[in-house]
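# Tertiary structure, described
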2 protein chains.
Amino acid sequence: MERITATYYIETPLDLEKSAQVLAGEQSSGTFIAVPGETEALKRRFAARVESISALDTADGPAIPGVIASGGKYQRAMITVSWSIENFGYNLPVLISTLQGNLYELTQFTGLKLMDLKLPPSYGAQFTGPKFGIDGCRKLTGVYNRPLIGTIIKPSIGMSPDQTAELVHTLATAGIDFIKDDELLGSSANSPFDKRVDAVMEVINAHADRSGKKVMYAFNISDEMDQMQRNYEKVLKSGGTSVMISLNSVGLAGVKKIGDIGELAIHGHRNGWGMLNRHPLLGIEFPAYQQLWRLAGVDQIHVNGIQNKFWESDDSVVKSIESCLQPLLGGFSVLPVVSSGQWGGQAPETYRRTKTVDLLYMAGGGIMAHPDGPAGGVVALQQAWQGAVDGLSVAEIAAKYPEFGRSVSVFGKK
Amino acid sequence: MERITATYYIETPLDLEKSAQVLAGEQSSGTFIAVPGETEALKRRFAARVESISALDTADGPAIPGVIASGGKYQRAMITVSWSIENFGYNLPVLISTLQGNLYELTQFTGLKLMDLKLPPSYGAQFTGPKFGIDGCRKLTGVYNRPLIGTIIKPSIGMSPDQTAELVHTLATAGIDFIKDDELLGSSANSPFDKRVDAVMEVINAHADRSGKKVMYAFNISDEMDQMQRNYEKVLKSGGTSVMISLNSVGLAGVKKIGDIGELAIHGHRNGWGMLNRHPLLGIEFPAYQQLWRLAGVDQIHVNGIQNKFWESDDSVVKSIESCLQPLLGGFSVLPVVSSGQWGGQAPETYRRTKTVDLLYMAGGGIMAHPDGPAGGVVALQQAWQGAVDGLSVAEIAAKYPEFGRSVSVFGKK
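All figures in this text were calculated on a predicted structure; none of them were measured in a lab. (Residues numbered from 1 in each chain as written. Chains lettered and ligands numbered in written order. Predicted model: local features only at pLDDT ≥ 70, side-chain atom pairs only at ≥ 80, totals over all residues. Heavy atoms only, no water.)

## A short note on the relation of the copies chain B and chain A
In this structure, two copies of a chain are linked by a rotation about an axis accompanied by a shift along it. Overlaying chain B with chain A gives an RMSD of 0.0 Å, the required rotation being 180° about an axis along which the chain moves by 0.0 Å. This pairing of chains is accounted for by a two-fold axis. Considering only C-alpha atoms, the residue of chain B closest to the rotation axis is Gly251 of chain B, which sits at 1.8 Å. When you check the interface residues of chain B against chain A, 100% turn up at the interface there too, and the contact is symmetric in its surfaces. (Least-squares fit on C-alpha atoms with pLDDT ≥ 70 in both. Contact = heavy atoms within 4.5 Å.)

## Let's talk about helix α13 (residues 314–325) of chain B
All names here are of chain B. Look at α13: 17 Å from first C-alpha to last across 12 residues, which is about the 16 Å you get at 1.5 Å a residue. Three or more residues of α13 are buried, namely Ser316, Val317, Val318, Ser320, Ile321, Ser323 and Cys324. As for α13, its buried residues are in contact with α12 (286–295), β11 (300–304), β12 (335–338) and α14 (347–354). (Helix = DSSP H or I, 4+ residues; strand = E, 2+ residues; numbered from the N terminus. Expected span 1.5 Å × (residues − 1). Buried < 20%, exposed > 50% of the residue type's maximum accessible area, 1.4 Å probe, protein only.)

## Re the nonpolar core
Within the largest apolar cluster, 224 residues are counted, with the highest numbers of intra-cluster contacts made by Tyr8 and Tyr123 of chain A together with Tyr8 and Tyr123 of chain B. Those residues in contact with Tyr123 of chain A that sit more than four places away from it in its chain are Ile4, Ile85, Phe88, Gly89, Tyr90, Leu92, Leu95, Leu295, Leu329 and Phe332 of chain A. Judged by nonpolar contacts, the second largest core, of 15 residues, contains Cys137, Ile152, Leu335 and Met362 of chain B. (Core = buried A, V, L, I, M, F, W, Y, C linked by side-chain atoms within 4.5 Å.)

## Some remarks on the interface of chain B and chain A
Contact residues are listed per partner, giving 95 residues for chain B and 96 residues for chain A. For the pair chain B and chain A, the two sides together bury roughly 7900 Å², of which 60% comes from carbon and sulfur. Counting every contact that joins chain B to chain A gives 6 salt bridges. For Glu26 of chain A, the salt bridge goes to Lys309 of chain B, with nearest N and O atoms at 3.3 Å. Taken together, chain B and chain A are joined by 36 residue pairs in polar contact (both at pLDDT 80 or more). Of the residues contributing to the side of chain B that touches chain A, the split by class is 41 nonpolar, 38 polar and 16 charged. (Buried area = accessible area lost by both parts, 1.4 Å probe. Salt bridge = Lys/Arg side-chain N within 4 Å of Asp/Glu carboxyl O. Polar contact = N/O pair within 3.5 Å; in protein donor to acceptor, adjacent residues only side chain to side chain. Nonpolar A, V, L, I, M, F, W, Y, C, P; charged D, E, K, R; others polar.)

## Focus on the packing of helix α6 (residues 161–173) of chain A against helix α7 (residues 193–211) of chain A
Residue and element names in this part refer to chain A. It is at 8 Å that the axes of α6 and α7 come closest, and there the two elements cross at 25°. By the angle between their directions, the pair α6 and α7 is classed as roughly parallel. Regarding α6 and α7, the two cross each other, and that crossing is right-handed. Contact residues: Pro161, Asp162, Thr164, Ala165, Val168, His169, Ala172 and Thr173 in α6; Lys195, Arg196, Ala199, Val200, Val203, Ile204, His207 and Arg210 in α7. (Axes fitted to C-alpha atoms, helices over the stretch in contact; angles between N-to-C directions. Parallel < 35°, antiparallel > 145°, perpendicular 65-115°, else oblique. Left-handed = near helix turned anticlockwise from the far one by under 90°.)

## As for helix α14 (residues 347–354) of chain A
Within an α-helix, residues lying three or four positions from one another point in the same direction, as the helix has 3.6 residues per turn. All names here are of chain A. Among the residues of α14, those classed as buried are Ala347, Pro348, Thr350, Tyr351 and Thr354. Projection of α14 onto a plane perpendicular to its axis shows the buried side chains occupying an angular sector of 165°, all on one side. Buried residues in α14 make contact with α13 (314–325), β13 (360–362), α16 (374–389) and α17 (394–400). Downstream of α14 by one or two residues, Lys355 has phi in the positive range, about 55°. (Arc of directions from axis to C-beta.)

## Some words on the packing of aromatic side chains
Inspection of the entire model under this criterion finds 26 aromatic pairs over all chains. Residues Trp273 of chain A and Phe286 of chain A carry aromatic rings whose centres are separated by 5.7 Å and whose planes lie at 85° to one another, so their mutual orientation is edge-to-face. One end of the pair, Trp273 of chain A, is in helix α11 (residues 273–277); the other, Phe286 of chain A, is in helix α12 (residues 286–295), with 13 residues separating them in the sequence. In this structure, Trp273 of chain A and Phe286 of chain A share a single accessibility class: buried. Centre to centre, the rings of Trp343 of chain B and Phe404 of chain B are 5.9 Å apart; their planes meet at 10°, and the pair counts as stacked. Of this pair, Trp343 of chain B sits in the loop between β12 and α14 while Phe404 of chain B sits in helix α18 (residues 402–411); the two residues are 61 residues apart in sequence, bridging distant segments of the chain. In terms of burial, Trp343 of chain B and Phe404 of chain B fall into one category: buried. Joined through ring pairs, the aromatic side chains of Trp273, Phe286, Tyr289 and Trp293 of chain A make up one cluster. (Phe/Tyr/Trp six-rings, centres within 6.5 Å; stacked < 30°, edge-to-face > 60°.)

## As for the pattern of salt bridges
Per the stated rule, a full pass over the model turns up 42 salt bridges over all chains. With its nearest N and O atoms 2.9 Å apart, the salt bridge here joins Lys256 of chain B to Glu224 of chain A. Here Lys256 of chain B is found in helix α10 (residues 252–259), whereas its partner Glu224 of chain A is found in the loop between β7 (216–220) and α8 (225–237) on a different chain. No difference in accessibility class separates Lys256 of chain B from Glu224 of chain A, as the two residues are buried. When the shortest N-O distance is used, the salt bridge between Asp260 of chain A and Lys256 of chain A registers 2.8 Å.

## Observations concerning the domain arrangement of chain A
Residue and element names in this part refer to chain A. We note that the domain assignment places domain 1 (3–126) and domain 2 (133–411) within chain A. The straight-line distance from the C-alpha centre of domain 1 to that of domain 2 is 35 Å. Summed over both partners, the interface of domain 1 with domain 2 buries about 1800 Å², with 73% contributed by carbon and sulfur atoms. Contact with domain 2 buries surface across domain 1, with Leu92, Lys113 and Leu119 losing the most and accounting together for 31% of the total. Counting across the domain 1 and domain 2 interface gives 1 salt bridge. Between Lys113 and Glu285 there is a salt bridge, with the nearest N and O atoms lying 2.9 Å from each other. At the boundary of domain 1 and domain 2, one finds 11 residue pairs in polar contact (both at pLDDT 80 or more). (Domains from an automatic or database assignment.)

Put into C-alpha cells, the structure is as follows:
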C-alpha cells in the first residue's frame, strides 16, 4: 500500500526515539489511555511509522514554550514519518490534519516544523493539478526565454476602476507582461470588482487587438465561495486570463474548487506566510507548502525575492524557487512569482543562484518610479535579465544598457 | 464610516511609533518608493490608522528572527490599528489578508501577534453566523442546565463502520449526549464516509425512537468542496444533527459555504492551532480567531481544556472559553468545546474559573476506560459537573458519588 512520507525538524527535551513515537501515535491512534478495540492488526495497518531519526545539535533552552520542564539539553533532529494512504485517501484537508493537526500542541516538543513531503505516485493520477503552469502561462502571455515581467497596481487600495485602467494602459503600452491587484483589494467602496474588470479588460483587450499581446491581469477574486465563482466567471467572460487568490485567507477547499474549473491561470498569493514560517522551529517550510497548493491547482505561487524588503534570507528564497521548479509527481508545473522590493538589480544574483528564467518577476516602484517612466522601467527589467543570463554584473549591465543604468541611479542607492 | 479595529502584540528594535506606522502603511498603501496617483485624499480615506500604542517591557534579544540588527533593546507593546470597512466590505478572506497578510514578514518587527478584533455593528446584519449556537445545540440534544457530555471515537482511525456503530450503541446506551469522529478520519479504506453514516445513524435513530434522546454525532465531513457538500447532504438525509469540519485544513471560504447551509450544527475543530498560536509573539490569539469562525457560521469550537495533555496553560484556556461566551455583534452564540485529557477531575476547576455550564465537555479514555464501563464514565462526568456547580472539590465529589469516585481511582493518579 502506498505511503506518504513527511519530514519534520523537531526539538525535544526528552528521549528522541520516544518523542518521535508520540508524534506518530498522536497522528494515527492516540489517546491518553488504552481503549478496547485497539487491536494490533488495526494498529499495524493504520499506524503512522517513524522511518528515520537524524540527531542534530542541542540547545540550552527551548525554541518555543512547552510545559515539560527540563534541566538538560534540548535535542534537535530531523525525523521522517510515514502514513498509509488508506488513512485519508485523496482527501487533502484530512491529509493536512494528519500531517500538521494537533502535533504542534504536543508537550514532548519545544519545536516542530514540517519541512518536506513525499507524495505517492497515485496522487499524480488522482489530481489534475495546475492547468497552465509554466508553459501555459508563457503561452497565454507570449513570453519565451526570459522571465515574465510583472507589476502590482499601487497604491494597493483607493484607486477607482478608471484610474486603475489608466495605469493598466500605461503599463500595457510600456510592454508589461503581467499585472495584478494587490491582496488588500477585492471589491472596495470605490473599486467594485465587476467595474474594475470591465474597465481594465477594455484596455487590455484593445491593447491586444492593436498589438497582438494580451497582458495577463490577475484579478483578486478572493472572497466567499459563491462570490469567488461569480468573480471568476466575470473575468472569464471579459476575456481575462488569470485570477489571483490569497491562498491562506481563502483556504485549501476554496482554492481547489476554483483551481478545478481550469479556464484561467491561478495566481497564488501566499500572504500570511510569515505566520506559518518565520520561526525556525514552528510551522511549515515552503518545499512542503508548495506541494499542497500545486495539488490544489495553483499555476503561479509567490516565493518572495532575492534581497527582498522582508525578513527572509536569500538562501530561503532560493530554496523556494528550486522547490517550485522540481517536478512534482512527474509534472504539476508551477511558475515561481518573485516579488518584494525587486527592481532588476537582483536579476544577476537571482539567475546566478537559480539558473532559471522560468519566473514571474514582479517589480512595483521599480517600474512605476523609473526616471524614464514605466516604459523605461519595463525595458530596464528586460535588460537586467538579459544581462543576468549573459553573466554580467549589475555594474556591467548598467554600463551596457542606458535604461537599466538609470534604474541603478535611482534604486541602486537604497 | 465604520471601522474595524485590531489589537497586536508587537516587538521591535526600532522606534515604536514609526514601526506602528509601517504596519499601517504596509496593510493599506505600502510600496518601497512613492508612486504617482497616491494622493492625500485617497490616503486619508483608505489608510489604516494607528489608534493607540502602549509600551510594555523590553527584551535583550529578538523573539523571532529578523534581519534588522540591533545593539539595543527590543521594545514590546500593544498597539491598535483600524481600517475603514470601505477597504474590504464584508469579504472575510480580504479582511484576513488585511489584518494578517504580509505584516508578519516585516523586518521592523521581531514579534507580532494578532490579539483581538472589534467588528463594526453592520457585520451583525450582514452575516448570519452560527445557526444553532448554545441554545440550538441544547435543543438538538435535549440537554439543559449542565454541560453536554461528549466523546471521540477512538482509536482515531482503523475501525470499521460496524465497529464504530457498536461503540456508538454502547455510548448511546450509556447516556452520552455527543460523539464525534476523530479529525484524522474522513473516509478511510475501511470506513467509507457514507457507510459509516449509515451504520452510525441506524443506531442513533433507533436509540432516539426508543428513548426520545437523539445523540448528536459530528461526522467529519472535511474534504474538498463538492465532497463536503455531498457528505453534508448524506448526514442530513440520514437524520443526523451535526457535522465536523477541521477549520484550518479546509479554510474559511469552504467552512462558510457549509455553515451557510444552516441545517446542521457545525462542530469546528481547530487542529493545526498550535502552529498559529504556540509562540507568544507570532500568529494569532483565540479571541481574534474565534470571531472569524463565528462569522463563518461555526456553532461549536474547540478551546482545549483545563489541565490538558497539550502545552497550553489553564489561563489561556479560560481566556478562550470566556471569549466564546462573550456575545459577538449582539449574538453569534458559539458553544465552547472542552477537550484533551479531560475525565471529570477538571470540572471543579473549570467551573470555578469560568462559572459556566455552557460547554461541550469531551472525554475520551475518561469515559471508555472507566472501571464500570462507558455508562459509569458518562455518569461520573455528570456527577463531576453537578459537584462542580455545587462548589465541591474533587475529593468531595468522589466521596459523594461512587462512579466519580472510581474515576478518581483510575484517572486521578496521572
